[in-house]
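Chain by chain, the residues run as shown.
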Amino acid sequence: MALSAVRAGVAPINWAAALMFVLTSVVAVTVIPWYGITHGYHAAAWIVFTLFLGANGMAITCGYHRLFAHCTYEAHPILKVAYLFFGAMALQNSALNWAAAHRVHHRFIDDPERDPYCARRGFWFSHIGWMLRSYPSGEPDFSTVRDLQRDPLVMWQHNHYLLVALSTNFGLPLLVGYLIGDVWGVFLLAGVLRLVASHHFTFFINSLAHMWGSQPYTDENTARDNPVVALLTYGEGYHNFHHMFAHDYRNGLRWWQWDPSKWFISSMRVLGLTRNLKRVPWFRIQRALLDNQFQRAERRLASLPGRAQLEQLRARIAEEYDAFSKAVAEWAHLREQWLEDTKRAMVERWEQSNLQSRLRELEYGLRLQYRRMRVLQAQLG
Ligand SMILES: [Zn+2]
Ligand SMILES: [Zn+2]
């Protein structure tokens, strides 16, 4: 279907999703405040609201996103079950459906015809609009999730999604409310308001995280890094990094960057519930940063009138950049070789240590080159 036809609203309304969003939103802005004014909410209801909200958000980011969609680490079946349980409660479809759409989002990012929540189609579309109608771009492509189709836990949740989703959204809050002695209070806060809040916090990843923030790693797509969005999205606001290095279990690279999903995944390793956490090597990340800065500096210089001094500086940066790129390529090649050799039991110990010391030497040289380039680039402003 042509994009113009899609935009003209030809795609049929997805009534189940539309009714769910409208109904829960209306209750959130009418019945919930009214009940609060006339009856009041117990502190326990707010605590359950917070716990369920956090569990839903983390199940989506740590489970649906970083585990199922991107395989950035391996998880113990107990943790997978928890993700699938609280992920279904977040009412964002089964993990299989979610991962299928998300992998297509990464592959065809910003393509209005194929990216299911293409940010170029506007804030409303990427935030929620893409779910309100059955757009062709939203059709799940299960050929992208063959690996997940072999996971019996993922398939059980997929096949029983409605049962799990309804029982967690109605049964669980009602049961907890009954146990606390405030059935309606808990249902309204931990059932309905929690669902509405959970939806919008995670929907910001597809909308705000593609519109507001900086682009330190690449400006070839709309993904942005933004610490404020990270606060709202359990760490997923470092989206420019994520779209560049989707196989890294972290989104916030630095230890101080707000990424509770990263902290949760790494702390679960201590308990033996996660393993093989994937990290992109430091040099690859630095190289992406430099590539991006270099291209920007080139563009800026090209737009300036030709001044001899600037040209000289440009030539020096180009030279340094060239040397750095070559060193990184050599480092990557050596590292690959070293990894291969490590895997091979036949390799002689002395050869390995020789390679390791060459790697260390090269890494030291790379750090120096990198610093030199940063100093040169700083002169460009
Ligand atoms: Zn994205
Ligand atoms: Zn992703």
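Residues numbered from 1 in each chain as written. Chains lettered and ligands numbered in written order. Predicted model: local features only at pLDDT ≥ 70, side-chain atom pairs only at ≥ 80, totals over all residues. Heavy atoms only, no water.

Trainee: How would you explain the layout of surface pockets if you had to name every residue and give the values?
Mentor: Within this model, the largest pocket holds a volume of roughly 1,200 Å³. Taken together, 45 residues make up the lining of the largest pocket; nearest its centre are Ala-17, Met-20, Leu-91, Asn-93 and Tyr-161. Elements that contribute at least two residues to the lining of the largest pocket include exactly helix H2 (15-29), helix H3 (31-38), helix H4 (43-69), helix H6 (95-107), helix H7 (123-132), helix H10 (161-180) and helix H11 (183-203). The dominant element in the lining of the largest pocket, judged by the number of residues it contributes, is H11, at 8 residues. In terms of residue class, the lining of the largest pocket is built from 29 nonpolar, 13 polar and 3 charged. Here the second largest pocket defines a volume of roughly 300 Å³. His-247, Asp-248, Lys-278, Arg-279, Val-280, Pro-281, Arg-284, Trp-331, Ala-332, Arg-335, Glu-336 and Leu-339 are the residues that line the second largest pocket. (1 Å grid on protein atoms, 1.4 Å probe; cavity = no way out; pocket = protein on both sides within 12 Å on 5 of 7 lines; lining within 4 Å. Points joined across faces, edges and corners; volume = space filled by probe spheres on them. Helix = DSSP H or I, 4+ residues; strand = E, 2+ residues; numbered from the N terminus. Nonpolar A, V, L, I, M, F, W, Y, C, P; charged D, E, K, R; others polar.)

Trainee: Go over a nonpolar patch on the surface with me, naming the residues and quoting the values.
Mentor: Taken together, the side chains of Leu-162, Leu-166, Phe-170, Leu-174, Leu-175, Tyr-178, Leu-179, Val-183 and Trp-184 define a hydrophobic patch exposed on the protein surface, amounting to about 990 Å² of accessible area. For the nonpolar patch, the secondary structure elements donating two or more residues are H10 and H11. With 7 residues, H10 is the single largest residue contributor to the nonpolar patch. Turning to its location among the elements, Tyr-178 is positioned in helix H10. (Patch = residues over 30% accessible without salt bridge, like charges linked within 9 Å, V, L, I, M, F, W, Y side chains within 5 Å. Areas by Shrake-Rupley, 256 points an atom, 1.4 Å probe, with all protein chains shown as cover. Salt bridge = Lys/Arg side-chain N within 4 Å of Asp/Glu carboxyl O.)

Trainee: Give me empty space enclosed by the protein: which residues, what numbers.
Mentor: Considering all chains together, one arrives at 1 cavity of 30 Å³ or more under this definition. As for the largest cavity, its lining consists of Ala-100, Ala-101, Val-104, Pro-116, Trp-130, Ser-137, Gly-138, Glu-139, Pro-140 and Asp-141. For the lining of the largest cavity, the leading source of residues is H6, giving 3 residues. Considered class by class, the residues forming the lining of the largest cavity number 6 nonpolar, 2 polar and 2 charged.

Trainee: Let's hear about the nonpolar core: which residues, and what values?
Mentor: Counting residues in each nonpolar core, the largest one holds 49 residues, and the members touching the most others are Ile-32, Phe-68, Tyr-73, Tyr-83, Leu-148 and Leu-189. Elements that contribute at least two residues to this core include exactly H3, H4, helix H5 (77-89), H6, helix H9 (152-159), H11 and helix H14 (260-270). In terms of residue count, the dominant contributor to this core is H4 (13 residues). In this structure, Ile-32 is in contact with Val-27, Tyr-41, Leu-188, Leu-189, Val-192 and Leu-193, ignoring residues within four places of it in sequence. The next biggest cluster of nonpolar side chains, apart from the first, holds 18 residues, and it includes Phe-283, Leu-290, Tyr-321 and Leu-359. (Core = buried A, V, L, I, M, F, W, Y, C linked by side-chain atoms within 4.5 Å. Buried < 20%, exposed > 50% of the residue type's maximum accessible area, 1.4 Å probe, protein only. Contact = heavy atoms within 4.5 Å.)

Trainee: Which residues make up unusual backbone geometry, and what are the values?
Mentor: It is generally the case that most residues other than glycine have a negative phi and that most peptide bonds are trans. Even without being glycine, Asn-93 reaches a positive phi, approximately 75°. Turning to its location among the elements, Asn-93 is positioned in the loop between H5 and H6. Classification of Asn-93 as partly exposed rests on a relative accessible area of 36%. Positive phi is not limited to glycine here, since Tyr-234 has a value of about 60°. As for its position among the elements, Tyr-234 is in the loop between helix H12 (227-232) and helix H13 (239-244). Classification of Tyr-234 as buried rests on a relative accessible area of 14%.

Trainee: Tell me what's going on with the domain arrangement of the chain, and back it up with residues and numbers.
Mentor: Splitting the chain by domain gives domain 1 (3-275) and domain 2 (282-379). The gap between the C-alpha centroids of domain 1 and domain 2 is 37 Å. The partner domain 2 presents 9 residues to the 12 residues of domain 1 that form the contact. A buried area of about 790 Å², summed over both sides, lies between domain 1 and domain 2, and 50% of it is on carbon and sulfur atoms. When residues of domain 1 are sorted by the area they lose upon contact with domain 2, Tyr-217, Asp-219 and Phe-245 head the list and together hold 54% of the total. (Domains from an automatic or database assignment. Buried area = accessible area lost by both parts, 1.4 Å probe.)

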